[in-house]
Amino acid sequence: MQILPTAARLQAYTEQARQIGKRVGLVPTMGALHDGHLQLVQAARAACDEVIVSIFVNPTQFNNAEDFRLYPRVPDADAAMLGPAGCTALFVPSVEEMYPQPTVLRFDFGALERVMEGAHRPGHFNGVATVVSKLFHLARPHHAYFGQKDWQQVAIIRQLAADLSFDLEIVACPTIREADGLAMSSRNRRLDPAARAAAPRLHQVLAAAAGQVRQGVAPAQVRAAAEESLRPDPLITLEYVEVADAQTLQPLSEYMPGRAVVLCLAAHLGGVRLIDNVVVED
Ligand SMILES: Nc1ncnc2c1ncn2[C@@H]1O[C@H](COP(=O)(O)OP(=O)(O)OP(=O)(O)O)[C@@H](O)[C@H]1O
Ligand SMILES: CC(C)(CO)[C@@H](O)C(=O)[O-]
Ligand code: BAL
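Since the model is a prediction, treat every value here as computed from it, not as a measurement. Throughout, a residue's number is its position along its own chain's written sequence, starting from 1. Chains carry letters and ligands carry numbers; both start at the beginning, A for chains and 1 for ligands, and go up in the order they are written. Where totals are concerned, whole chains, interfaces and linings use all residues; where local detail is concerned, this predicted model gives features only for residues with pLDDT of at least 70, and gives and counts side-chain atom pairs only at 80 or more. Side-chain calculation: all heavy atoms of the structure are included, whereas hydrogens and water are not.

### Section: the site of ligand 1
Inference 1: Throughout this document, a residue counts as near a molecule or strand when at least one of its heavy atoms sits within 4 Å of that molecule or strand. The local shell around ligand 1 holds 22 residues, among which H34, Y71, D150, S186 and R187 are the closest.
Inference 2: Polar contact criterion, stated in full: a pair of N or O atoms within 3.5 Å, where within protein one must be able to donate a hydrogen and the other to accept it, and residues adjacent in sequence count only if both atoms are side-chain atoms. Measuring from an oxygen atom of ligand 1, one finds a side-chain N or O atom of Y71 at 2.8 Å.
Inference 3: Isolated, ligand 1 exposes 580 Å² of accessible area, and the fraction of that covered by the protein chains is 95%.
Inference 4: If you map ligand 1 onto the pockets, it falls in the largest cavity.
Inference 5: Per-element accounting of the shell around ligand 1 gives the leading share, 4 residues, to helix α2 (residues 35-47).
Inference 6: For this classification, the nonpolar set comprises Ala, Val, Leu, Ile, Met, Phe, Trp, Tyr, Cys and Pro, the charged set comprises Asp, Glu, Lys and Arg, and every other residue, Gly included, is treated as polar. Considered class by class, the residues forming the shell around ligand 1 number 8 nonpolar, 11 polar and 3 charged. To measure how exposed things are, a 1.4 Å probe is used in the Shrake-Rupley method; for residues, cover is taken only from the protein chains shown. Only protein atoms enter the 1 Å grid used here. Points where a 1.4 Å probe fits but cannot escape make up a cavity, open sets with protein on both sides within 12 Å along at least five of seven lines make up a pocket, and a residue lines them when an atom lies within 4 Å of a point. Pocket or cavity membership: a molecule qualifies when more than half of its atoms sit within 2 Å of the grid points of that site. Strands are runs of DSSP state E lasting at least two residues, helices are runs of H or I lasting at least four, and both sets are numbered from the N terminus onward.

Written out as structure tokens, the structure reads:
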């Protein structure tokens, strides 16, 4: 596995690969890798000759300085996992390399970002779109891999790729969970034992809500039941729970035949902010 510390090295590496007809897959991450990430690497390996993983804790997508400071960083353990998983090149730029000057780019994803993570983390998707655009320009991958745990992020990146005519396929991979249902997430490492023990409640509540959606319980009632169910838990502070159209991400007041529903939430457990979602197909 090659280590590529600079943008120029990444560009040269992928350009050479494309010139000899290789298919290039890109897996953007912020590191502190787990099986959710490795699934993306495996999917890339199955479809591509070159699997480029980027690890970059992108400052421009953090709306909370403490969250950025405390984001788990374990570069040696990450690198040790990636070779055996099938990564052929690891891009690990510095902040100065990615942002030689402060960026002034502004994206507006309209209704897609006025809800959920976009509404609760001002500037977050601007930072995500900025860094993902840069990665797409530098690596020019044929395929780029993202996780459905970040459902809204996938929708925004699809819009970004379409609007900017990036010639690549966005591949969304399912959410990988711990045995107790907790969605794998780098931030899980920051949970203390009590918060870790409480954390599977998030998925339990979403699973119960999904059951209600399947029975036709109205969206407002589903939301209220989820809020009610988490309220007594002293370790969990719910930030939002939403019942939304899975494609447009807009909150639903009623179900529409033939349209999938996504149930999304964000919650704080002992200072750690986690998100999760489940999708209910019609
Ligand atoms: N449990 C998971 N299952 C599938 N994909 C995942 C999972 N967790 C993260 N991913 C995907 O991995 C990519 C990199 O995510 P990232 O490095 O931010 O990790 P993370 O675990 O989501 O961390 P955090 O949510 O704490 O930032 C994203 O496309 C993300 O959706
Ligand atoms: C896509 C991404 C790597 C951009 O920094 C990040 O938002 C993430 O890890 O999901
Ligand atoms: N996986 C989402 C990246 C973030 O929370 O900033």
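Don't stop here, the text continues.
### Side note on the sheet that holds strand β9 (residues 272-280)
Inference 1: Strands are treated as partners if at least two bridges between them are detected by DSSP. Here 3 strands make up an open sheet; going across it, the order is β7-β8-β9 and the pairing antiparallel. In the strand order of this sheet, the two ends are held by β7 (236-245) and β9, each with one partner. Along the sheet, successive strands turn relative to each other by an average axial angle of 15°, direction set aside.
Inference 2: With 9 bridges connecting them, strand β8 (residues 261-269) and β9 associate as antiparallel partners. Among the inter-strand pairings, V261 is bridged to a residue of β9, identified as V280.
Inference 3: In what follows, residue pairs with any heavy atoms lying within 4.5 Å of each other are defined as contacts. Inter-axis angles, ranging from 0 to 180 degrees, are taken between N-to-C directions of lines fitted to C-alpha atoms, where helices are fitted over the stretch in contact. Running at roughly 165° to β7, helix α11 (residues 219-230) makes contact with β7 and β8 of the sheet.

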